[in-house]
Amino acid sequence: MKLNFMSCRRASELAAKQCITALSRGERIWLGMHLLACAACRKIGLQISAIEQTLRLLQEPDATHEATGGPQLSDESRRRIQSVLADRT
Amino acid sequence: MTIALPEHRPLAMDRTGKAISEGDFFSFALFYGKRHPVKSGRPTCGPNACAASAPSPELWVGQFGDRLYRFALLRVPDRSAAEELVQETFLAALKDRESFRGQCEFATWLVGILKHKLIDHLRKTTRQTSLSETPDETVDEMFNRLGHWRNPPASWAADPAELAIQGEFLATLQVCLAALPEQQRQALILRMIDEEPAEQVCKILNLTPTNLWVRLHRARLRLRLCLENKWFGHPVARPRSGTRKGTAHEA
Ligand SMILES: [Zn+2]
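Some points on the coordination of the zinc ion
For a metal bound by four donors in tetrahedral geometry, the ideal donor-metal-donor angle is 109.5 degrees, whereas six donors in octahedral geometry ideally sit at 90 or 180 degrees.
Residue and element names in this part refer to chain A.
Turning to step 1, where the next piece is worked out: The zinc ion binds to the protein through Cys8 (SG), His34 (NE2), Cys38 (SG) and Cys41 (SG); the donor distances cover 2.1 to 2.3 Å.
Turning to step 2, where the next piece is worked out: Coordination at the zinc ion is tetrahedral, judged from the four donor atoms that bind it and the angles of 103 to 114° they form at the metal.
Turning to step 3, where the next piece is worked out: Counting the intervening residues between successive donors of the zinc ion yields the motif C-x25-H-x3-C-x2-C.
Turning to step 4, where the next piece is worked out: His34 sits in the buried class, given a relative accessible area of 0%.
Turning to step 5, where the next piece is worked out: Under the relative-accessibility criterion, Cys38 is labelled buried at 7%.

Right, dumping it as structure tokens:
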């Protein structure tokens, strides 16, 4: 299974699978061996980890909106929600 | 919310800030993509927060409307659906106002209600098509028939966690998120942004664990490629050209 051993596709799949469920011992070893041999997958792995660290900053969009000038409720929906709330207060 | 990022970052860090050395391949293998159980900087309603009373309802939309809207829009990128969810949240909050006892900030309490509304919304709108996932050609094309990367990854000029301080990068990230296919986006957001446990995500989206990791795999690769094209591949966007030891310049 030499070709399979070098499959970057499988490596990236196992890395994603690992976020959902524990890998088997064989899978862990396979992934470790692949990463040992494959610079591209190491690099992509680091990039994805960095992206995911950044993603967590979006948990609270308020942390970002000043910088991005984030989206806002339209005036129309603002008025509509105001009046719906006023009706029930 | 403050964004605390260390000044000096090694090649990579795990979530506790421990450096991952490039030589340590086995721990790297475990690190690569691994998510530990939920431990986030999210504010929680705890007994230690000081008591506060709810502001009067006519102030809600002005004070919290945009915040809730952004929260919803990131997760349901359809303006009218997001507005609808904000309205439902305020109405539920109005009805249930008595139950707010100041255990947490009022805004946090509202976000908590919105989260429930969002999950209901996802449950209603997600239909599982079949047990096997349909192929994703964009992802298939990233590999040749031997399963090797067709295009080797570009070296990125900076660490995204560092870039996060810049709003533009986060805006690009959101554009790339919104460009993901709906089902992939939902899986990625619930698991990686909201940090819901995998079993919970499977329940909400009515998926098997295999469906979920297949979607997550695709979403991550698409997101990476999108950022490489839209941000890192764009020379003007690179904020610095310094070669620091340990940045993604290797290979
Ligand atoms: Zn590889």
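Here's the deal with the pattern of salt bridges
Turning to step 1, where the next piece is worked out: Following the criterion strictly, the structure yields nine salt bridges over all chains and no others.
Turning to step 2, where the next piece is worked out: Across the pair Glu27 of chain A and Lys17 of chain A runs a salt bridge, and its minimum N-O distance is 2.8 Å. With Glu27 of chain A in helix H3 (residues 25–37) and Lys17 of chain A in helix H2 (residues 8–17), this residue pair connects regions lying 10 residues apart in the sequence.
Turning to step 3, where the next piece is worked out: What makes Glu27 of chain A buried here is its relative accessible area of 14%.
Turning to step 4, where the next piece is worked out: A salt bridge links Arg224 of chain B to Glu228 of chain B; its shortest N-O distance comes to 2.7 Å.

Some thoughts on the state of the cysteines
Turning to step 1, where the next piece is worked out: Enumeration over the complete set of coordinates arrives at one disulfide over all chains.
Turning to step 2, where the next piece is worked out: Residue pairing for Cys176 of chain B: its cysteine sulfur links by disulfide to Cys226 of chain B, the two sulfurs lying 2.1 Å apart. Since a negative S-S torsion denotes a left-handed disulfide, the Cys176 of chain B-Cys226 of chain B link at about -80° is left-handed. Of the two residues, Cys176 of chain B sits in helix H7 (residues 167–178) while Cys226 of chain B sits in helix H10 (residues 209–232), which places them 50 residues apart along the sequence.
Turning to step 3, where the next piece is worked out: For Cys19 of chain A, which is in no disulfide, the shortest distance to another cysteine sulfur is to Cys202 of chain B and amounts to 13 Å.

Digging into the confidence of the model for chain A
Turning to step 1, where the next piece is worked out: For chain A, the average pLDDT comes to 86, and 85% of its residues sit at 70 or higher.
Turning to step 2, where the next piece is worked out: Here helix H5 (residues 62–68) of chain A is the element of chain A with the lowest mean pLDDT, 53, and H2 of chain A is the one with the highest, 96.

Some remarks on the environment of Arg97 of chain B
All names here are of chain B.
Turning to step 1, where the next piece is worked out: Among the structural elements, Arg97 can be located in the loop between helix H3 (79–95) and helix H4 (106–125).
Turning to step 2, where the next piece is worked out: Taking relative accessible area as the criterion, Arg97 reaches 29% and is therefore assigned partly exposed.
Turning to step 3, where the next piece is worked out: With 40 residues separating them along the chain, Arg97 and Pro57 place their C-alpha atoms 9.4 Å apart.

Thoughts on the packing of aromatic side chains
Turning to step 1, where the next piece is worked out: Evaluation of the coordinates by the stated rule reveals eight aromatic pairs over all chains.
Turning to step 2, where the next piece is worked out: With centroids separated by 5.1 Å and ring planes inclined at 85°, the aromatic side chains of Phe100 of chain B and Phe106 of chain B adopt a geometry described as edge-to-face.
Turning to step 3, where the next piece is worked out: Exposure remark for Phe100 of chain B: the relative accessible area of 8% places this residue in the buried category.
Turning to step 4, where the next piece is worked out: In this structure an aromatic cluster arises from ring pairing among Trp60, Phe64, Phe90, Phe100, Phe106 and Trp109 of chain B.
Turning to step 5, where the next piece is worked out: Across from the ring centre of Trp30 of chain A, 4.7 Å away, lies the NZ or CZ of Arg10 of chain A, which sits over that ring.

Some details on the side chain of Asp66 of chain B
Turning to step 1, where the next piece is worked out: Tracing the chain through its elements places Asp66 of chain B in helix H2 (residues 60–75).
Turning to step 2, where the next piece is worked out: Once residues lying within four places of it in the same chain are set aside, the contact partners of Asp66 of chain B are Gln72, Leu73 and Arg78 of chain A together with Val61 of chain B.

Some remarks on the confidence of the model for chain B
Residues and elements named next belong to chain B.
Turning to step 1, where the next piece is worked out: Mean pLDDT for chain B: 76, with 69% of residues reaching 70 or above.
Turning to step 2, where the next piece is worked out: In this model, residues 1–31 is a region of pLDDT below 50 whose contacts with residues beyond four sequence positions or in other chains number 55 contacts.
Turning to step 3, where the next piece is worked out: Below a pLDDT of 50 lies the segment residues 33–43, which in the model reaches 26 contacts outside its immediate sequence neighbourhood of four places, other chains included.
Turning to step 4, where the next piece is worked out: Interface confidence in the predicted complex, given as ipTM, is 0.86; pTM for the same model is 0.75.

Digging into the nonpolar core
Turning to step 1, where the next piece is worked out: One finds Leu55 of chain A together with Leu177 and Leu188 of chain B to be the most contacted residues of the largest nonpolar core, which totals 39 residues.
Turning to step 2, where the next piece is worked out: Among the secondary structure elements, those contributing two or more residues to this core are helix H4 (39–55) of chain A together with H4, H7, helix H8 (182–193), helix H9 (198–205) and H10 of chain B.
Turning to step 3, where the next piece is worked out: The element best represented in this core is H10 of chain B, accounting for 10 residues.
Turning to step 4, where the next piece is worked out: Counting contributing residues, this core receives three or more from each of domain 2 (57–125) and domain 3 (137–232) of chain B.
Turning to step 5, where the next piece is worked out: With near-sequence residues (within four places) excluded, Leu177 of chain B lies in contact with Leu55 and Leu58 of chain A together with Leu74, Arg185, Leu188, Ile189, Ile193 and Leu223 of chain B.
Turning to step 6, where the next piece is worked out: The next biggest cluster of nonpolar side chains, apart from the first, holds 31 residues, and it includes Trp60, Tyr69, Val86 and Trp109 of chain B.

A few points about H3 of chain A
Turning to step 1, where the next piece is worked out: The first and last C-alpha atoms of H3 of chain A sit 19 Å apart over 13 residues, in line with the 18 Å expected at 1.5 Å per residue.
Turning to step 2, where the next piece is worked out: Those residues of H3 of chain A that fall on the buried side of the exposure criterion are Glu27, Trp30, Leu31, Gly32, His34 and Leu35 of chain A.

Conventions and cut-offs
Residues numbered from 1 in each chain as written. Chains lettered and ligands numbered in written order. Predicted model: local features only at pLDDT ≥ 70, side-chain atom pairs only at ≥ 80, totals over all residues. Heavy atoms only, no water. Donors = N, O, S within 2.8 Å, 3.2 Å for Na, K, Ca; no water. Tetrahedral: all angles 85-135°; square planar, octahedral: opposite > 155°, others 65-115°. Buried < 20%, exposed > 50% of the residue type's maximum accessible area, 1.4 Å probe, protein only. Salt bridge = Lys/Arg side-chain N within 4 Å of Asp/Glu carboxyl O. Helix = DSSP H or I, 4+ residues; strand = E, 2+ residues; numbered from the N terminus. Disulfide = S-S within 2.5 Å. pLDDT = per-residue confidence, 0-100. Phe/Tyr/Trp six-rings, centres within 6.5 Å; stacked < 30°, edge-to-face > 60°. Lys NZ or Arg CZ within 6 Å of the ring centre and 35° of its normal. Contact = heavy atoms within 4.5 Å. Core = buried A, V, L, I, M, F, W, Y, C linked by side-chain atoms within 4.5 Å. Domains from an automatic or database assignment. Expected span 1.5 Å × (residues − 1).

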